[in-house]
Amino acid sequence: MKRSFACIAALACLCGSQAWAQDYPGKQVRLVLPFPAGGGSDIIARVMAQKLTASLGQPVVVDNRAGASGNVAAEIVAKAPADGYTLLFGNSSLSISPAVFAKLNYDPVKELMPISMASSYPFTLVIHPSLPVRSVKGLVALAKSKPGELAYASAGGGTMSHMAMELLRVRTGIKLQHLPYKGAAPASVSILAGESQLGFLVMPVASVQIRAGKLRGLGVAASTRSPAAPEVPTMEEAGVKDNLAIQWNGFFAPARAPQAIIERLYREVAKIVQMPDVRQRFDAEGATPSGSSPAEFAAFFKAEAAKWADVAKKSGTKLD
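Here, residues in each chain are numbered from 1, in the same order as that chain's written sequence. Whole-chain, interface and lining totals are the exception, using all residues; otherwise, since this is a predicted model, local features are given only for residues with pLDDT of at least 70 and side-chain atom pairs are given and counted only at 80 or more. To obtain the side-chain values, all non-hydrogen atoms of the structure were included, while hydrogens and water were left out.

## Here we look at the environment of Gly219
With respect to the helices and strands, Gly219 occurs in strand β8 (residues 216-220). To sort residues, take the accessible area from a 1.4 Å probe on protein chains only and compare it with the maximum for the residue type: under 20% means buried, over 50% means exposed, and anything in between is partly exposed. Of the residues examined, Gly219 reaches a relative accessible area of 0% and is grouped as buried. When the C-alpha atoms of Gly219 and Ala238 are compared, they prove to be 6.5 Å apart, with 19 residues separating the residues in sequence. Two residues qualify as a contact provided that any one of their heavy atoms is within 4.5 Å of a heavy atom in the partner residue. In contact with Gly219, not counting residues within four places along its chain, are Phe123, Thr124, Leu125, Val136, Val232, Pro233 and Met235. By the criteria applied, helices consist of DSSP H or I runs no shorter than four residues and strands consist of E runs no shorter than two, each listed in order from the N terminus.

Structure below.
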């Protein structure tokens, strides 16, 4: 009798969830972004929001909430009602924050539910042309001959550009100065001006400067070379194994959001990223479309969190 009642209750919940998903959305959806307007991730998010507005039949409104390496926006969504009307377009920093920040007011792994990865692109190790090296091995040798003298720029503490270099330090044993900036743009300017000598930049930015001869590309932190700069070897080809650093963007909901709504959003995202005009826009930004399932994205996210926790521990990286 108890078992029958439990089955009936579970069936009722499932039917209610499915009906909710069919009616969803019945009002405007808020898409919170952890970065300022105008950057590559913001452009991709707005393309996705425009397409979701058309496919869902309700406005999907972008809300830029930059700050604290993405944690301001992520906390807003983590603490929001779990009804599918507040979503996060998060990035790689989400998988890093738990490992490097001494205190977070939310747990991204436990309080955010992955929906689907939208896109990704690799980071590229670049140096100012004034450095007398032309390979990763040459850079490592130079850094070891001048411990702590070379400086690298990052988009800020706890960002992927920061941790990509910490990963390289762990893999090679080199010592560098860290110059954190408030965003990728000023970090790029720092390397271009010679204020810092090296850094990891996302491929769309790096490839432009490499082609112009303003920066020298030494290695792509991905498993394959990038079509945007095919002459630049992967980090493994350059002599450093297991040195992958990918900037990814994807959709998250509060952890208790109904599964039927999560599945509905995933299906929409997966269709959108394959649209010819969307792929063309992604190509212009140097991004690779994804559209992974919730299960695939969740597994990837957990693996990334574990990886960067290990890097943070080995490199001694900790932020207030």
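The discussion continues.
## Describing helix α9 (residues 203-211)
Inspection of α9 places Met203, Ala206, Ser207, Gln209 and Ile210 among the buried residues, and these make up the whole buried set. Buried residues belonging to α9 abut β4 (112-127), α8 (184-193), β7 (198-202) and β8. Positive backbone phi, at 80 degrees, marks Gly213, one or two positions downstream of α9.

## What about the pairing of β4?
Of all 16 residues in β4, 16 are buried, a share of seventy percent or more. Of the pairings in the sheet, the one linking β4 to strand β9 (residues 246-254) comprises nine bridges and is antiparallel in character. Counterpart to Leu112 in the pairing with β9 is Pro254. Two strands pair when backbone bridges link them, and β4 and β8 are joined in this way by four bridges, in the antiparallel orientation. Looking across to β8, one finds that Thr124 is bridged to Val220. Two strands are said to pair when DSSP picks up at least two bridges between them.

## A look at the nonpolar core
Grouping buried Ala, Val, Leu, Ile, Met, Phe, Trp, Tyr and Cys residues that are joined through side-chain atoms within 4.5 Å yields what is termed a nonpolar core. Counting 70 residues, the largest nonpolar core has Met48, Phe89, Leu125, Leu139, Leu198, Phe200 and Phe251 as the members making the most contacts within it. Beyond its immediate sequence surroundings of up to four residues, Leu125 is in contact with Val136, Leu139, Met165, Leu168, Leu198, Gly199, Phe200, Arg216, Gly217, Leu218, Gly219 and Met235.

## Describing the packing of aromatic side chains
The description of two aromatic rings rests on the distance between their centres and on the angle between their planes. A pair of aromatic rings is counted whenever rings of Phe, Tyr or Trp (Trp by its six-membered ring) have centres within 6.5 Å, and the orientation is called stacked for planes under 30 degrees apart, edge-to-face for over 60 and tilted otherwise. Overall, the coordinates contain eight aromatic pairs when judged by the stated rule. Ring plane angle 90 degrees and centroid distance 5.5 Å describe the contact between Trp248 and Phe297, whose orientation is recorded as edge-to-face. One end of the pair, Trp248, is in strand β9; the other, Phe297, is in helix α12 (residues 294-315), and 49 residues separate them in sequence. A single burial state applies to Trp248 and to Phe297, both of which are buried. Consider the rings of Phe252 and Phe301, whose centres lie 5.3 Å apart with planes at 65 degrees: the pair is edge-to-face. Residue Phe252 is located in strand β9, and its partner Phe301 is located in helix α12; the two are separated by 49 residues in the primary sequence.

## Section: the pattern of salt bridges
Salt-bridge detection follows one rule: a side-chain nitrogen of Lys or Arg within 4 Å of a carboxyl oxygen of Asp or Glu. Under the counting rule described, the total for this entry stands at ten salt bridges. Ionic pairing is found between Asp277 and Lys51, a salt bridge with its closest N-O pair at 2.6 Å. With Asp277 in helix α11 (residues 276-284) and Lys51 in helix α2 (residues 40-56), the pair connects residues that are 226 residues apart, well separated along the chain. Asp277 gets classed as partly exposed once you look at its relative accessible area, which sits at 41%. The shortest N-O distance in the salt bridge between Asp310 and Lys314 comes to 3.2 Å. With a gap of four residues between them, Asp310 and Lys314 both fall in helix α12, about one helical turn apart. What makes Asp310 partly exposed here is its relative accessible area of 35%. Lys314 sits in the exposed class, given a relative accessible area of 54%.

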